[in-house]
Amino acid sequence: MIEKMSVKNFRGLANVALSFAPFTLIGGANNVGKTSVLEAVFLLYGHRSPLVFQQLRSFRNASAPVAEARELWENIFNDYDLSKYLSISAVRDKNSESLEVYRDDSYDIAGELTQIPQDAKLPTSSLGLSYPLKVLYKYGKKETQFHLAINTDAMGTNIFARGNNNSPAANIGNIPTVTFSSDRLLNTPHLYDLLGKISRNKQKDKAVNVLKDIDGRINDIVLGEKQQIYLDVTGLIEMIPLTFMGTGVSNVLYWTALALSDSAKIILIDEIENGIHYSSMQSVMEKLCDIGERHDCQIIATTHSIDCVRSFSKCSEKRISYIRLERSLETGEVSPVVIDAQLLPEMLESDWEVR
Amino acid sequence: MTTQNDYSKRPVWLLCEGNDCYFFFMRVLEKLEMLNVYCLDVKGINDRDLFRGVIKKTNYNNTKVIVYVRDAEYESVDGAVNYESVIKSIKSRFASIDLSVGDKPIELTYTGRKQAGYIILTNNDGNVGTLEDLCLSIAVDNDAVDDAVSTVDYVNDKRNGKVLKHAHKRKLHIAFALNGKEKMVGAKTGEAVTNGGLNLDHDRFKSIRKFLTLINECP
């Protein structure tokens, strides 16, 4: 479990330190950096893949090709400033780890590329826009590093990694599997695989039980042909494709399947309330909290919803923590306000605004 | 529509001890059009104490002035109030949110970027008392107050030594009931402010009103 995290110069977060519980909910105004916190966790544990920057862009719905190569990763740096030194340090299972990402113009990308096999077919003429980054990951006393560079040619913009990021040696620290989820990003083939796994493990009933909290008519989940997922719903002659059941059902099923199948050690959920009716919120929260505990799966989620915060406050107080991110009017800096699990219900009961 | 979040953006926060105190001061501030002050209920000392939660509340970091208002009932022993213990208790509560206050009420002290102070409610003699004591002393209808006091005293006499507890509350609500205005029957202190049952220009309210004006104009 990730217990603490300190983020410097990542997106809108100039310098912020946070503590996490097994189930953490993050609130705060628009553009204060809630999603950026999730993305920082994702980058920390997803850094070995060169695709991580494209994934980070896709979390923001930025699927269009970049106009200039540098746009591919300048957006991860605070103030879009590629000269800044990005660092994410954390304490996980009582061990410290850190990820440092910074522009390294001293890196001889051209020299490296001459060693690339012919089938890579890289035109060296386009290397002026390479923007090499150095990525340094440390876990305890061990470290691994590699370089990333952007190459733009007639085929488009690509990221190349040079170093030992994919070697077994790079997997120091037993990096946990992490999944980012938002209602814009449901990966149906992935969910199909997860459901296959939990069906084999005889855990499917648990997932059905969670769905029943949202819609009591749901009796079963059925895996059909061509990776179609169907739901057996009382009163209907035919099974309904999951995609017809609304965002809330799909999202909750995805999170539940991730935890039940032990496929993610950390689930990052952006705007967890999306698609879930307030009357179902509490039972969904409690079940997620419970499943997370049983499967050693940490959940970090963001929200704008007071119903969501209220439901969350009723989960086991030993396992939850609520954080509101605030931006100072004077300095513009973002800082966390942690409301402990004992105080949160009292503040909510008095109708105090905590979001 | 103005939301609670909008109110909490006000630079001055008045932390009221208990529901009655909260509604009383909220209505007073409305009546006096003091738009820089946001009123909130931090509950009584014997209830779930929300005082420490104030610093966790949305927009707290942007406040300039924090004022706590309370009575002295909890620190009384056999009817006599230990003033020093009241001040000590207030100071300790402010210390719990990293603010300090002076030895006297109705004055402000700077701690870092914020000013802090407190109000202790007074009775008709100007001594520390309860909200109901204060309201009795500033009630518009003096005759109703006199009759209410006589009524409670009379009942006490008839009860063979079994003295009514919370006599100040009983007197106040009888006084409201005896007030000529229908809206005052069963009124809470906040409603009494709105319905004109309390005189906010009264000498006994002068120092509190002056302090409220000061904090409202502070930022």
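See the structure printed just above.
This structure is a prediction, so every number in the text was calculated from the model and none was measured. (Residues numbered from 1 in each chain as written. Chains lettered and ligands numbered in written order. Predicted model: local features only at pLDDT ≥ 70, side-chain atom pairs only at ≥ 80, totals over all residues. Heavy atoms only, no water.)

1. Concerning the layout of surface pockets
Residues and elements named next belong to chain A.
Step number 1: Taken as a whole, the largest pocket spans an internal volume of roughly 550 Å³.
Step number 2: Contributing elements (two or more residues each) for the lining of the largest pocket: α1 (34-46), α2 (52-59) and α3 (71-74).
Step number 3: Ranked by the residues each element gives to the lining of the largest pocket, the list is headed by α1, at three residues.
Step number 4: Residues of the lining of the largest pocket, tallied by class, amount to six nonpolar, 10 polar and 11 charged.
Step number 5: The two domains that each donate at least three residues to the lining of the largest pocket are domain 1 (49-174) and domain 2 (179-349). (1 Å grid on protein atoms, 1.4 Å probe; cavity = no way out; pocket = protein on both sides within 12 Å on 5 of 7 lines; lining within 4 Å. Points joined across faces, edges and corners; volume = space filled by probe spheres on them. Helix = DSSP H or I, 4+ residues; strand = E, 2+ residues; numbered from the N terminus. Nonpolar A, V, L, I, M, F, W, Y, C, P; charged D, E, K, R; others polar. Domains from an automatic or database assignment.)

2. Overview of the interface of chain A and chain B
Step number 1: Contacts between chain A and chain B engage 19 residues on the former and 21 residues on the latter.
Step number 2: Taking both sides of the interface into account, the surface hidden between chain A and chain B amounts to around 1,600 Å²; carbon and sulfur atoms contribute 46%.
Step number 3: Salt-bridge contacts for Asp340 of chain A lead to Arg52 of chain B; the nearest nitrogen and oxygen are separated by 3.3 Å.
Step number 4: Scanning the region where chain A abuts chain B turns up eight residue pairs in polar contact (both at pLDDT 80 or more).
Step number 5: Where the side of chain A that touches chain B is concerned, the elements lending two or more residues are β15 (320-327), β16 (334-339) and α10 (343-349) of chain A.
Step number 6: Broken down by element, the residue count for the side of chain A that touches chain B peaks at four residues, all from α10 of chain A.
Step number 7: A breakdown of the residues in the side of chain A that touches chain B according to their chemical character gives eight nonpolar, two polar and nine charged. (Contact = heavy atoms within 4.5 Å. Buried area = accessible area lost by both parts, 1.4 Å probe. Salt bridge = Lys/Arg side-chain N within 4 Å of Asp/Glu carboxyl O. Polar contact = N/O pair within 3.5 Å; in protein donor to acceptor, adjacent residues only side chain to side chain.)

3. Considerations on the state of the cysteines
All names here are of chain B.
Step number 1: Tallying each qualifying case throughout the model produces zero disulfides over all chains.
Step number 2: Unpaired in this structure, Cys21 has its nearest cysteine sulfur neighbour in Cys16, at a distance of 4.3 Å.
Step number 3: Classification of Cys21 by relative accessible area gives buried; the value is 4%. (Disulfide = S-S within 2.5 Å. Buried < 20%, exposed > 50% of the residue type's maximum accessible area, 1.4 Å probe, protein only.)

4. Some details on helix α7 (residues 247-260) of chain A
Residues and elements named next belong to chain A.
Step number 1: Its 14 residues place the ends of α7 20 Å apart at the C-alpha level, agreeing with the 20 Å of an ideal helix rising 1.5 Å per residue.
Step number 2: Where burial is concerned, most of α7 is hidden: 13 out of the 14 residues are buried.
Step number 3: Where α7 ends, the next residue or the one after it, Asp262, has phi of about 55 degrees, a positive value. (Expected span 1.5 Å × (residues − 1).)

5. Remarks on the pairing of strand β3 (residues 23-28) of chain A
Residue and element names in this part refer to chain A.
Step number 1: Of all six residues that make up β3, six are buried, and the element is covered over most of its length.
Step number 2: Neither face of β3 is open: one carries Phe23, Leu25 and Gly27, the other Thr24, Ile26 and Gly28, and all of them are buried.
Step number 3: Looking at chain direction, β3 and strand β14 (residues 298-302) are connected through four bridges and run parallel. Within β14, the position partnered with Phe23 by the bridge is Ile299.
Step number 4: Note: β3 against β15, six bridges, orientation parallel. Bridge assignment links Gly27 to a residue of β15, and that residue is Arg324. (Pairing = 2+ DSSP bridges.)

6. Topic: the environment of Gly44 of chain B
Residues and elements named next belong to chain B.
Step number 1: Looking at the element boundaries, Gly44 is found in the loop between β2 (37-41) and β3 (65-70).
Step number 2: You can call Gly44 buried: its relative accessible area is 4%.
Step number 3: Remark: the alpha-carbon pair of Gly44 and Asn19, spanning 25 residues in sequence, is separated by 8.3 Å.
Step number 4: In contact with Gly44, other than residues within four places in its own chain, are Glu17 and Gly18.

7. Side note on the sheet that holds strand β10 (residues 218-223) of chain A
Residue and element names in this part refer to chain A.
Step number 1: Strands sit in the order β10-β11-β12 across an open sheet of three strands; the sheet is antiparallel. Whereas interior strands pair on both sides, the edge strands pair on one side only; in this sheet they are β10 and β12 (240-241).
Step number 2: Of the strand pairs in this sheet, β10 and strand β11 (residues 229-233) are connected by five bridges, and their pairing is antiparallel. Bridging across to β11, Ile221 finds its partner in Leu231.

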